[in-house]
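One letter stands for each residue in the lines below.
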Amino acid sequence: MAGGEGATAVMCTPAFVGRLLRSRWYVVFASMVVMAASGSTYIFALYSKELRSVLGYNQQTLNTLGFFKDLGTNVGVVSGLVQQVAPTWAVLLIGAGMNLAGYLMVYLALTERTAAPPVWLMCIYMCVGANALTFSNTGALVACVKNFPESRGIVIGLLKGFVGLSGAIYTQLYLAIYGDDAKSLVLLIAWLPAAVYIFFVHTIRVLPYRRRAEGDEPNSKPFFCFLYISIALATYLLVMIVVQKQVPSFSHAAYAVGATVLLIILFLPLSVVIKEEYTAVSQIEESLQHPPAIAVEEPASAKDDEQPKCSMSMTGCLTNMFKPPALGEDYSIMQALVSVEMLVLFVVSVFGIGGTLTAIDNMAQIGQSLGYPAKSINTFVSLISIWNYAGRVGAGYMSEFFVARYRFPRPLALTAVLLFSCVGHLLIAFGVPQSLYAASVILGFCFGAQWPLLFSIISEVFGLKYYSTLFNFGSAASPIGAYVLNVCIAGRMYDAEAARQHGGHAAAVGDKICKGVQCFKHAFLIITGVTLAGALVSLVLVWRTRSFYKGDIYAKFKVVPAADADGSNQRGEMVEGTVTQAGEPQNGKNKKQEEVNDEEFN
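Note that this is a predicted model, so its numbers are computed, not measured.

The rules we used
- Per chain, residues are indexed from 1 in the order of the written sequence.
- Per-residue local features are limited, in this predicted model, to residues with pLDDT of at least 70; the limit for side-chain atom pairs, both in listing and counting, is 80 or more; totals at the level of whole chains, interfaces and linings are taken over all residues.
- The side-chain quantities take in all heavy atoms of the structure and omit both hydrogens and water.
- A run of H or I in DSSP becomes a helix once it reaches four residues, and a run of E becomes a strand once it reaches two; helices and strands are each numbered from the N terminus.
- When a residue's accessible area, from a 1.4 Å probe over protein chains only, is under 20% of the maximum for its type it is buried; when over 50% it is exposed; and in between it is partly exposed.
- Between Lys or Arg on one side and Asp or Glu on the other, a salt bridge is scored when a side-chain nitrogen of the former is within 4 Å of a carboxyl oxygen of the latter.
- It only takes one pair of heavy atoms within 4.5 Å for two residues to be counted as in contact.
- In the analysis that follows, any N or O atom pair within 3.5 Å is treated as a polar contact, provided that within protein one partner can donate a hydrogen and the other can accept it, and provided that, for residues neighboring in sequence, both atoms belong to side chains.
- Our working definition of a disulfide is a cysteine sulfur pair at a distance within 2.5 Å.
- All axes here are fitted lines through C-alpha atoms, helices being fitted over the stretch that makes contact, and every angle between N-to-C directions spans 0 to 180 degrees.
- Between 65 and 115 degrees an angle is taken as roughly perpendicular, under 35 as roughly parallel, over 145 as roughly antiparallel, and anywhere else as oblique.
- In a left-handed crossing the near helix is turned counterclockwise from the far helix by less than a right angle, and in a right-handed crossing that turn is clockwise.
- By nonpolar core is meant a set of buried Ala, Val, Leu, Ile, Met, Phe, Trp, Tyr and Cys residues that side-chain atoms within 4.5 Å join together.
- Aromatic rings from Phe, Tyr and Trp, taking only the six-membered ring of Trp, are treated as a pair when their centres fall within 6.5 Å; an angle between ring planes under 30 degrees marks them as stacked, one over 60 as edge-to-face, and anything in between as tilted.

1. Focus: the overall build of the protein
Scanning the protein for helices and strands turns up 27 helices and zero strands. Expressed as a percentage of its 602 residues, the buried residues of the protein come to 56%.

What follows is the structure, given as structure tokens:
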């Protein structure tokens, strides 16, 4: 009892709370909540029918709005450049303002509190609101990857997984708060993400990273606790979806209770953070009873820290641009953009992510054309959200495991995901009876799996120095595929078929609904073809990085074990722990002392 009371007393002190809010693990927790509030762009299908009916849009116009939403979601170059020169809190505040402004204007137009805006203005509203995701994504993701560079696949998969779950989370929250009112859903996604960003604005940041001792493994236990909690959250959401589908009249009070349980599970990772920090405090108190070792590490030489810079002349810039460093070293932005590796990732993003985005954005219309009831269409959207989560988390954790244990190249996993997504596209194309459930699962999983693989590959191949900008460049290509496949192909073919069914021209048909397999058949056969082409192109990246992934891609984050007699390693740096208080050399610190020093450093 006394020990429990002592632990409670320690955890209730202002010093412990301050330490908790400044810790690396709290940054991960705060980032998970921010990402869970950042996936409102993935529930476009839930309110797209309201846009069609209230504003009189046809399918091509609706797909144009979806394209500008995807454009805002994926073109985060501005947020990446802001992250390079501004603190993370500034990035999150900009995102909060853009989210509130963009979606609030969409809500006012839907509720007819303002005059119906022209299509071009509505496209701007959608793009601005969706672009807020890139600011939260950049701020949270970059901070966590730089805080845990040896677990980047796990970090990216976990955080992107919460983005994938956010669609189902929003569905439950809006049903509990507003009831089944799609217009109020737009209001919810206007104010809630902005409020969350502002709440965590000063706790998400990059902390100094200290290389670990040779032989010590990264502390990944909290990440697996976070994983188990996120799986519990996804399972709970899936159960709620099934129950709500089976129960004809699910009461508003039941929705409220369900949303309360959801929020409790969502904030449960905070208990893991508290436990980790209490353990660290206990280790510090224990270490103070013994003379602490002093870790001495000389700063790297100017030669080591020197980064390749362009000369003032244009010739010098062009020369350096086409002379990149070895894979895994820090590329400049221009060196990365003109590389074959980035070109391949652009093509994969256009064909692979563009195709799955088209399916997700049109899921409501696909279900409607194939004769599924409205309740089933909501189920498809939620299934996509949950399996989107499964794809992100699964790809992040499993690819990290195979890279570390078996040197399995991450680009090859990306190729496999692209091939698997072709199955979902074909199920939609041929309209197999009751297959849309399976298609939702497959496409949600594949769409989610592509993101952590893409972002991890960029961080590994091009380094972390300009990561905030480069990963946003890597995702910027997907809206091109979304525009071509969604607007130019799927939207036009849908409207043409609707016009044929209703006996008029496509422009005159307006918001008439298309019925039957033919509405999307040819569009998704084309999407299957280009996705297959993207998978073949990705093999170029597999071939070019095969030697890189055979080595230890995280070697630079470990202490070099070999030391000369003077205590320096082969690069002229002091090995951590080679000098004690008395000045006598020793082989290294014990594991507990290093963990204590790591915590004090943070």
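2. Looking at the pattern of salt bridges
Taken as a whole and judged by the stated rule, the model has five salt bridges. When the shortest N-O distance is used, the salt bridge between E400 and R410 registers 3.1 Å. Separated by 10 residues along the polypeptide, E400 in helix 19 (residues 374-406) and R410 in helix 20 (residues 410-430) bring together distant segments of the chain. The same class applies to E400 as to R410, namely buried. A salt bridge links R410 to E460, with the nearest nitrogen and oxygen atoms 2.3 Å apart. One end of the pair, R410, is in helix 20; the other, E460, is in helix 21 (residues 436-462), and 50 residues separate them in sequence. Both residues of the pair, R410 and E460, belong to the buried class. One connected set of salt bridges, linked through shared partners, spans E400, R410 and E460.

3. Considerations on the environment of S468
Note on placement: S468 falls in helix 22 (residues 467-475). S468 sits in the buried class, given a relative accessible area of 2%. Setting aside anything within four residues of it in sequence, one finds S468 in contact with G80, Q83, Q84, T138 and V142. Within the structure, S468 has its side chain in polar contact with the backbone oxygen of G80 (distance 3.2 Å).

4. Side note on the state of the cysteines
Note: disulfide means a covalent bond formed between the sulfur atoms of two cysteine side chains. Tallying each qualifying case throughout the model produces one disulfide. C514 shares a disulfide with C519; S-S distance 2.0 Å. Taking the torsion about the sulfur-sulfur bond, which here is approximately -95 degrees, the covalent link between C514 and C519 counts as left-handed. Its relative accessible area of 1% is what places C519 among the buried residues.

5. Looking at the side chain of R24
Within the secondary structure, R24 sits in helix 3 (residues 24-36). Residue R24 is classed as buried on the basis of its relative accessible area of 17%. In terms of polar contacts, R24 uses its side chain to reach the backbone carbonyl oxygen of N147, at 3.4 Å.

6. Description of the packing of helix 17 (residues 340-361) against helix 25 (residues 521-544)
Relative orientation of the contacting elements helix 17 and helix 25 amounts to 155 degrees, with a least axis distance of 9 Å. Of the possible angle classes, the one that applies to helix 17 and helix 25 is roughly antiparallel. Between helix 17 and helix 25 lies a crossing whose hand is left-handed. Where helix 17 abuts helix 25, its residues V340, E341, V344, L345, V347, V348, F351, G355, T358 and A359 lie against F524, I527, V530, T531, A533, G534, V537, S538, V540, L541 and R544.

7. Regarding the nonpolar core
Among the nonpolar cores identified, the biggest contains 160 residues, and Y47, F223 and Y467 are the most heavily contacted of them. Excluding residues within four positions of it along the chain, Y47 makes contact with Y103, M126, A182, L185, V186 and I189. In terms of nonpolar packing, the next biggest core, distinct from the first, is built from five residues, V82, V91, M98 and F135 among them.

8. A look at the packing of aromatic side chains
The full count for this structure, using the stated rule, is 26 aromatic pairs. Ring centres of F401 and F402 lie 5.4 Å apart, and the angle between their planes is 75 degrees; on these two criteria the pair is classed as edge-to-face. Ring plane angle 45 degrees and centroid distance 5.6 Å describe the contact between W451 and F455, whose orientation is recorded as tilted. Pair noted here: W451 and F455 are both in helix 21, with a separation of four residues, about one helical turn. In this structure, W451 and F455 share a single accessibility class: buried.

9. Topic: the environment of T358
Within the secondary structure, T358 is located in helix 17. The class for T358 is buried, based on a relative accessible area of 0%. Taking the C-alpha atoms as reference points, T358 and A482, 124 residues apart in sequence, are found 6.0 Å from one another. Every residue in contact with T358, bar those within four places of it in the chain, is listed here: A482, L485, N486, A490 and I527.

Such coordinate-based values are descriptive only and should not be taken to indicate function.
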